[in-house]
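Now for the letters of each chain:
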Amino acid sequence: GAVVSQHPSWVICKSGTSVKIECRSLDFQATTMFWYRQFPKQSLMLMATSNEGSKATYEQGVEKDKFLINHASLTLSTLTVTSAHPEDSSFYICSAPPQGARELRAAKNIQYFGAGTRLSVL
Amino acid sequence: AQSVAQPEDQVNVAEGNPLTVKCTYSVSGNPYLFWYVQYPNRGLQFLLKYITGDNLVKGSYGFEAEFNKSQTSFHLKKPSALVSDSALYFCAVRGINNAGNMLTFGGGTRLMVKP
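**Student:** Tell me about the sheet that holds strand S3 (residues 19–25) of chain A, residues and numbers included.
**Tutor:** Residue and element names in this part refer to chain A. The four strands lie next to each other as S1-S3-S8-S7, forming an open sheet whose pairing is antiparallel. A single partner strand is all that each edge strand has here, and the edge strands are strand S1 (4–7) and strand S7 (67–73). The mean angle between the axes of side-by-side strands here comes to 15°, regardless of whether they run parallel or antiparallel. Pairing geometry for S3 and strand S8 (residues 76–81), over six bridges, is antiparallel. Across the sheet, the residue bridging to Val-19 is Val-81, located in S8.

**Student:** Any details on the pattern of salt bridges? Residues and values, ideally.
**Tutor:** All chains considered together, the criterion is met by five salt bridges over all chains. The salt bridge involving Arg-24 of chain A is made with Glu-22 of chain A; its shortest N-O contact spans 3.5 Å. Its salt-bridge partner being Asp-85 of chain B, residue Lys-78 of chain B comes within 2.8 Å of it at the nearest N-O pair. Residue Asp-85 of chain B is classed as buried on the basis of its relative accessible area, which comes to 4%.

**Student:** Residues and numbers for the layout of surface pockets, please.
**Tutor:** All names here are of chain B. Within this model, the largest pocket holds a volume of roughly 280 Å³. The set of elements that each furnish at least two residues to the lining of the largest pocket consists of strand S10 (87–95) and strand S12 (109–114). Taken together, the residues of the lining of the largest pocket sort by class into nine nonpolar, five polar and four charged.

**Student:** Describe the pairing of S3 of chain A, with residues and values.
**Tutor:** All names here are of chain A. Only one face of S3 is buried, namely the one carrying Val-19, Ile-21, Cys-23 and Ser-25, since none of Lys-20, Glu-22 and Arg-24 on the opposite face is buried. Note: S1 against S3, four bridges, orientation antiparallel. Across the sheet, residue Ser-5 finds its bridge partner in S3, namely Arg-24.

**Student:** Quick one: what's the story with a nonpolar patch on the surface, residue by residue and with numbers?
**Tutor:** The grouping of Trp-10, Ile-12 and Leu-122 of chain A at the surface amounts to a nonpolar patch, some 380 Å² of accessible area in total. Take Trp-10 of chain A: it is sitting in strand S2 (residues 10–13).

**Student:** Pulling in residues and values, what's your account of the side chain of Gln-2 of chain B?
**Tutor:** Residue and element names in this part refer to chain B. By the secondary structure assignment, Gln-2 is in the segment before strand S1 (3–5). Of the polar contacts made by the side chain of Gln-2, one reaches the backbone oxygen of Val-93; its length is 3.3 Å. Within the local environment of Gln-2, its side chain forms a polar contact with the side chain of Thr-104, the two groups lying 3.1 Å apart.

**Student:** Describe the interface of chain A and chain B, with residues and values.
**Tutor:** Interface size is often expressed as the accessible area that is lost when the parts come together. On the chain B side, the residues contacting the 23 residues of chain A number 22 residues. Carbon and sulfur atoms supply 58% of the area that chain A and chain B bury against each other, a total of about 1,600 Å² over both sides. Joining chain A to chain B, the criterion identifies zero salt bridges. At the junction of chain A and chain B, the tally comes to two residue pairs in polar contact (both at pLDDT 80 or more). When contributions to the side of chain A that touches chain B are tallied by element, the ones reaching two or more residues are strand S4 (32–38), strand S5 (44–51) and strand S9 (90–96) of chain A. Of the residues forming the side of chain A that touches chain B, the biggest block, three residues, is contributed by S4 of chain A.

**Student:** Go over the nonpolar core, please, and point to the residues and values.
**Tutor:** Among the nonpolar cores identified, the biggest contains 43 residues, and Tyr-36 and Phe-113 of chain A together with Phe-105 of chain B are the most heavily contacted of them. The element that contributes the greatest number of residues to this core is S9 of chain A, accounting for five residues. Not counting residues within four places of it along the chain, the set of residues in contact with Tyr-36 of chain A comprises Leu-44, Met-45, Leu-46, Met-47, Phe-91, Tyr-92, Ile-93, Ser-95, Gln-111 and Phe-113 of chain A together with Leu-103 and Phe-105 of chain B. Listed in part, the 27 residues of the second largest apolar core include Tyr-25, Val-37, Leu-48 and Val-113 of chain B.

**Student:** Quick rundown of the side chain of Glu-64 of chain B? Include the residues and the values.
**Tutor:** All names here are of chain B. With respect to the element layout, Glu-64 can be found in strand S8 (residues 64–68). Looking at Glu-64, the relative accessible area reads 18%, which means it is buried. Dropping the residues within four chain positions of it, Glu-64 is found in contact with Leu-48, Leu-56, Val-57, Lys-58, His-75, Leu-76 and Lys-77.

**Student:** Let's hear about the state of the cysteines: which residues, and what values?
**Tutor:** What is meant by a disulfide is a covalent connection between two cysteines, made through their sulfur atoms. Overall, the coordinates contain two disulfides over all chains when judged by the stated rule. A disulfide bridge connects Cys-23 of chain A with Cys-94 of chain A, and the sulfur atoms are separated by 2.0 Å. Taking the sign of the torsion about the S-S bond as the criterion, the disulfide between Cys-23 of chain A and Cys-94 of chain A, at about 80°, is right-handed. With Cys-23 of chain A in strand S3 and Cys-94 of chain A in strand S9, this pair connects stretches of sequence that are 71 residues apart. Take Cys-23 of chain A: its relative accessible area is 0%, and that puts it in the buried class. Here Cys-23 of chain B engages in a disulfide with Cys-91 of chain B; their sulfurs sit 2.0 Å apart.

The rules behind the values
- Residues numbered from 1 in each chain as written.
- Chains lettered and ligands numbered in written order.
- Predicted model: local features only at pLDDT ≥ 70, side-chain atom pairs only at ≥ 80, totals over all residues.
- Heavy atoms only, no water.
- Pairing = 2+ DSSP bridges.
- Helix = DSSP H or I, 4+ residues; strand = E, 2+ residues; numbered from the N terminus.
- Axes fitted to C-alpha atoms, helices over the stretch in contact; angles between N-to-C directions.
- Salt bridge = Lys/Arg side-chain N within 4 Å of Asp/Glu carboxyl O.
- Buried < 20%, exposed > 50% of the residue type's maximum accessible area, 1.4 Å probe, protein only.
- 1 Å grid on protein atoms, 1.4 Å probe; cavity = no way out; pocket = protein on both sides within 12 Å on 5 of 7 lines; lining within 4 Å.
- Points joined across faces, edges and corners; volume = space filled by probe spheres on them.
- Nonpolar A, V, L, I, M, F, W, Y, C, P; charged D, E, K, R; others polar.
- Patch = residues over 30% accessible without salt bridge, like charges linked within 9 Å, V, L, I, M, F, W, Y side chains within 5 Å.
- Areas by Shrake-Rupley, 256 points an atom, 1.4 Å probe, with all protein chains shown as cover.
- Polar contact = N/O pair within 3.5 Å; in protein donor to acceptor, adjacent residues only side chain to side chain.
- Contact = heavy atoms within 4.5 Å.
- Buried area = accessible area lost by both parts, 1.4 Å probe.
- Core = buried A, V, L, I, M, F, W, Y, C linked by side-chain atoms within 4.5 Å.
- Disulfide = S-S within 2.5 Å.

Here's what the structure looks like:
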């Protein structure tokens, strides 16, 4: 079945540094990918929708300059947390739903998730 | 706008007993409904979905869910709980006309199965 690979799974960084998280669709093309943030014991909060070849769409309250999203190809989206601070520490998860009628039928409407990245900012 | 409600933050059940994790939804038109499970420090794993057809949907690990259109509910059930079922469960909905395929998640319910 379709797989979404997310890397790294865990990152620890110093305050003020930038961290890049990659999300790859391994056996299907994803013109759209979603980035979520999850705080401990809470649900997933949609941060932004990554669109291949165009600007990402950010949810209200999410800082565009803080969370840079690049969707340069049909299989790769990256989230860069710039000038990270301890309050950015969280679990970040990407998702790649199948697009197009054929892909939707093949994937049976299942949205695939990466394994998540735990970011700890010291 | 679409929304999902999981009214229970935590459900406790003894091993071998049946379990139910509740979910209600709100969406325009017919819904696509999903259940995902999350283990500690892991991403979400797909359990089951309702798209169309039979209201009772069977999924992975012996879980099933019943779609009830009149009550706008999609409760997750299992006849006999296992300790290994302990995890965080998310209900999600996508409107059939949602061209972006965006899922909206409930707040999650922590299932604790005790031996």
